[in-house]
Amino acid sequence: MGRHGVSLCFFIVIISVIIDWGLAVKPGDVIYTHDFRSSSSLAGWSNGVPSYAHLVQGGYNGSAYCLRVTASSPSQTNMISISLPNVEQWKGSVLQVTVTLKAENVTQSAQSYNGIKTMVTCIGNTTTYTNAGNVYGTFDWSDTKDNTLVDTDSSLKSAELSLGLQSTTGTVYFDSVTVSVYASPPPPPPPPPPGPPYTGHPGAVDRLRGMMSPQSFKDSDMQVLGSWGANLIRWQMEGSGGTQATNITQYWAWIQSELAMLDQVLPSCHKYGIMVVVDLHQTPGGLDTTFGSLFLKTQTYQDVFTQVWTEIAKRYLGNPAVYGYDLANEPHLNEPGDPGVLTWQGIAQKAADTIRTIDPYRTIIVESLNWDNPDAFTTLVPLTGVHIVYQVHMYEPHLFTHQGVYAQYPFGPQYPGMVGGANWNIDLIRSTLQPVRNFQLNYNVHIYVGEFSAVRWANNHTAINYIRDCISVFESYGWDWSYHAFREWQGWSVEYGDIMNDTTIYTSTPRKELLLSHFKNNINPYTVPFPSPAVIRSVSSSLYLSVNPSSSILQASASTPADATVFTIMAVPGGYTIQSKSNAKYVAASSSSASTDPLAATSSASSYSPPPPLQIFSITRQQQSSNTYTIQSLGATMMYVTVRPPSDELFPSLPYNISATSIPASALFTISSP
């Protein structure tokens with residue numbers, strides 16, 4: 001019997017690394033190939049000819065020899081290794097490592113990553129190890145394939161392939177190994193688009209800071225979170241796995257129950273000043289036996305995936321509490337999918353396009369492959385389209401953040417300090433997140449840290465040090481973030497103390513106070529920092545903005561307030577809408593040319609519908625204590641609104657990147673009560 005009763009002979013290890021554009025490779029190129037079919041075939045492999053590794057007669061498909069590796073004790077690590085050549089030539093590629101093998105009486109290891117080893121080690125500033133994992137049993141040569149994904153550090157200097165057994169007993173036979181290019185490197189980033197990146201922040205909100213959700217809803221919980229000052233929650237639609245995920249009928253029943261809960265979550269969060277990220281935590285199919293995402297392997301589950309997002313987009317169209325749609329939590333692929341299925345990039349694009357046909361202006365949140373780890377951003381390519389934010393999760397190093405949570409992460413490490421052979425401190429956190437920072441700068445996009453944490457009982461009360469340093473880096477880069485988690489599991493909770501067996505709920509803990517010290521800087525996303533209804537007055541002409549009754553053109557033409565000069569200002573994702581009291585229409589820049597056509601109050605979009613960009617404006621106070629503002633159109637040109645004589649009509653005509661010290665009076669306005 002093979003793993004889970006499946007005969008198995010091929011392992012495919014997929015490796016993605018940083019690109020060197022001077023040396024291009026393409027899919028199918030062979031990086032390294034070797035077989036063990038001759039008496040001299042161990043030449044070049046490390047460890048010489050150890051006692052546990054022998055060339056024996058009777059190889060695969062009638063060949064003369066094969067390599068046999070045995071282990072008599074689970075305490076042994078019996079492997080031979082060889083360096084992969086020409087690293088500089090394939091940096092940035094995704095590699096496929098195919099190994100033909102059979103096994104006899106290989107016992108299951110206590111660690112899923114041990115047992116039969118077909119491991120790739122990538123060595124740079126840090127060292128990563130990748131193995132197919134959880135492979136054991138007795139099986140003959142066959143045509144079955146298995147694989148796993150690996151992302152490596154951008155400082156990759158060398159890579160090594162190892163074959164053998166670790167923490168197990170039994171015998172494994174190897175016939176051949178081939179390393180080839182599975183996928184081409186990502187294209188080089190284009191020049192960043194002009195202007196500030198899209199954030200989806202409503203009104204004057206400059207940052208969203210909050211927490212991951214509980215797995216059940218209580219209005220009182222949202223009230224507490226709001227009282228802490230959080231303005232964001234990542235609401236996880238988390239299931240129980242098994243047939244709930246694999247059986248489509250059961251999955252849809254679960255989806256409906258989760259959406260019924262979300263129907264209660266959204267108005268509650270709106271009431272307490274919290275925006276909601278809708279997180280599809282359990283994707284159709286759940287996880288396969290290698291912990292890969294089944295919706296990345298099977299067409300049926302991909303169809304359900306897009307259908308689910310169609311349902312969600314229709315259900316919450318225009319809901320002001322929804323910040324964005326998190327397409328899939330921690331997508332991960334360990335085996336090739338069925339023929340014709342879309343890659344993560346492809347199915348994410350399809351889901352985004354599907355949502356846009358229903359709700360064109362909602363923020364879409366995209367995670368990277370490989371569990372949304374930071375290093376996976378080296379191979380991530382932005383989706384096409386607008387209103388997209390990219391999410392990363394930060395738990396590195398797991399030996400510290402997850403100590404005592406799983407058996408492979410024993411209690412003991414401290415932060416800062418040596419963890420897994422590396423000196424972990426804020427500099428190494430920053431280095432670990434560098435691929436994400438590079439992605440942010442290369443593509444001029446906004447980053448959201450959807451999850452980060454350290455288990456509360458980390459040795460010597462040092463979880464707070466790690467959390468503090470992570471937040472410090474996030475804040476310095478302008479990233480939104482949500483701590484994992486709020487009232488979900490006591491191991492992550494900031495309402496419990498730092499001792500593992502202490503289950504007392506405390507009013508205050510150092511970790512909680514750390515989060516609250518940042519939440520106090522938050523702005524309620526549903527409020528505006530100036531009067532509404534309001535009158536808007538030009539600094540240059542001292543006239544009030546008013547709507548021309550015959551043409552709906554906006555002009556600075558009224559000397560005293562009247563209905564035509566009164567506007568309702570509402571916070572919406574991305575900025576503000578400005579609605580005229582006189583005709584109940586929304587101010588919009590011209591769709592033909594935002595820089596040459598005047599503003600007009602002619603749009604009839606609903607106040608709760610996601611407004612198009614030409615109706616969204618950034619309204620920015622020019623000095624902390626003043627009542628002077630600029631009004632910037634967030635249409636294609638992103639220009640500042642100015643009063644243009646002789647008619648004193650309003651045009652978006654001042655460049656978006658003008659220096660604050662050179663803004664003329666024609667672009668300055670006061671906002672006050674009627």
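Residues numbered from 1 in each chain as written. Predicted model: local features only at pLDDT ≥ 70, side-chain atom pairs only at ≥ 80, totals over all residues. Heavy atoms only, no water.

A count of helical and extended segments in the protein gives 11 helices and 34 strands. A compact globule built from 674 residues would reach a C-alpha radius of gyration of about 26 Å, and the protein, at 29 Å, matches this within 12%. Overall, the C-alpha framework of the protein stretches about 100 × 55 × 50 Å when taken along its three principal axes. Expressed as a percentage of the 674 residues in the protein, the buried residues total 56%. For the protein, contacts bridging at least 24 residues in sequence account for 72% of all contacts bridging at least 6. Averaging the positions of the 33 positive and the 46 negative side-chain charges in the protein gives two centres separated by 5 Å. (Helix = DSSP H or I, 4+ residues; strand = E, 2+ residues; numbered from the N terminus. Rg over C-alpha atoms; globule rule 2.2 N^0.38 Å. Buried < 20%, exposed > 50% of the residue type's maximum accessible area, 1.4 Å probe, protein only. Contact = heavy atoms within 4.5 Å. Lys, Arg positive; Asp, Glu negative; His and termini not counted. Charge placed at Lys NZ, Arg CZ, Asp CG, Glu CD.)

Okay, the nonpolar core next. The tendency in soluble globular proteins is for nonpolar side chains to be buried side by side. Ranked by size, the top nonpolar core spans 90 residues in total, and within it Phe305, Trp309, Leu327, Trp344, Tyr390 and Phe452 carry the most contacts. Among the nonpolar cores identified, the runner-up in size contains 38 residues, and Ala71, Leu95, Phe139 and Ala159 belong to it. (Core = buried A, V, L, I, M, F, W, Y, C linked by side-chain atoms within 4.5 Å.)

Turning our attention to the sheet that holds strand β13 (residues 209–212). Within the closed barrel, the 8 strands sit side by side as β13-β14-β15-β16-β17-β18-β21-β22. Their pairing is parallel. Ignoring which end each strand starts from, the neighbouring axes of this sheet average 25 degrees apart. Direction of pairing for strand β18 (residues 388–394) relative to strand β21 (residues 447–452): parallel, over a ladder of 5 bridges. Paired with tyrosine 390 across the strands is isoleucine 447, a residue of β21. (Pairing = 2+ DSSP bridges. Axes fitted to C-alpha atoms, helices over the stretch in contact; angles between N-to-C directions.)

Considering all chains together, one arrives at 25 aromatic pairs under this definition. For the ring pair tyrosine 390 and phenylalanine 439, a centre distance of 5.1 Å and an interplane angle of 70 degrees mean the geometry is edge-to-face. Of this pair, tyrosine 390 sits in strand β18 while phenylalanine 439 sits in helix α9 (residues 434–443); the two residues are 49 residues apart in sequence, bridging distant segments of the chain. Side by side, tyrosine 390 and phenylalanine 439 carry an identical accessibility label, which is buried. Considering the side-chain rings of phenylalanine 530 and tyrosine 576, the 5.3 Å spacing of their centres and the 50 degrees angle between planes classify their relative orientation as tilted. In this pair, phenylalanine 530 is assigned in the loop between α11 (510–519) and β23 (534–538) and tyrosine 576 in strand β27 (residues 575–580), connecting sequence segments 46 residues apart. Across this residue pair, the class does not change: phenylalanine 530 and tyrosine 576 are buried. (Phe/Tyr/Trp six-rings, centres within 6.5 Å; stacked < 30°, edge-to-face > 60°.)

We now examine the side chain of serine 493. Position of serine 493 among the secondary structure elements: in the loop between β22 (480–483) and α11. Leaving out residues up to four positions away in the same chain, serine 493 has contacts with Arg456, Ala485 and Arg511.

This part is about the packing of helix α10 (residues 463–477) against α11. In contact at an axis separation of 10 Å, α10 and α11 are set at 15 degrees when each is read in the N-to-C sense. Considered as vectors, α10 and α11 are oriented roughly parallel to each other. The way α10 lies across α11 gives a crossing that is right-handed. Along its contact with α10, which presents Ala463, Ile464, Ile467, Arg468, Ile471 and Glu475, the element α11 presents Pro510, Arg511, Leu514, Leu515 and His518. For the contact of α10 with α11, the residue count by class is 7 nonpolar, 1 polar and 3 charged. (Parallel < 35°, antiparallel > 145°, perpendicular 65-115°, else oblique. Left-handed = near helix turned anticlockwise from the far one by under 90°. Nonpolar A, V, L, I, M, F, W, Y, C, P; charged D, E, K, R; others polar.)

Let's shift gears to unusual backbone geometry. Cis geometry marks the peptide bond from glutamate 396 to proline 397, where omega comes out at -5 degrees. Following the sequence through the fold, proline 397 ends up in the loop between β18 and α7 (398–401). Here serine 532 and proline 533 are connected by a cis peptide whose omega angle stands at 5 degrees. Considering the arrangement of structural elements, one finds proline 533 in the loop between α11 and β23. Of note in this structure, asparagine 370 is not a glycine but carries a positive phi near 65 degrees. By the secondary structure assignment, asparagine 370 is in the loop between β17 (363–367) and β18. With a phi close to 65 degrees, serine 552 is a non-glycine residue in the positive phi region. Relative to the assigned elements, serine 552 resides in the loop between β24 (544–547) and β25 (554–558).

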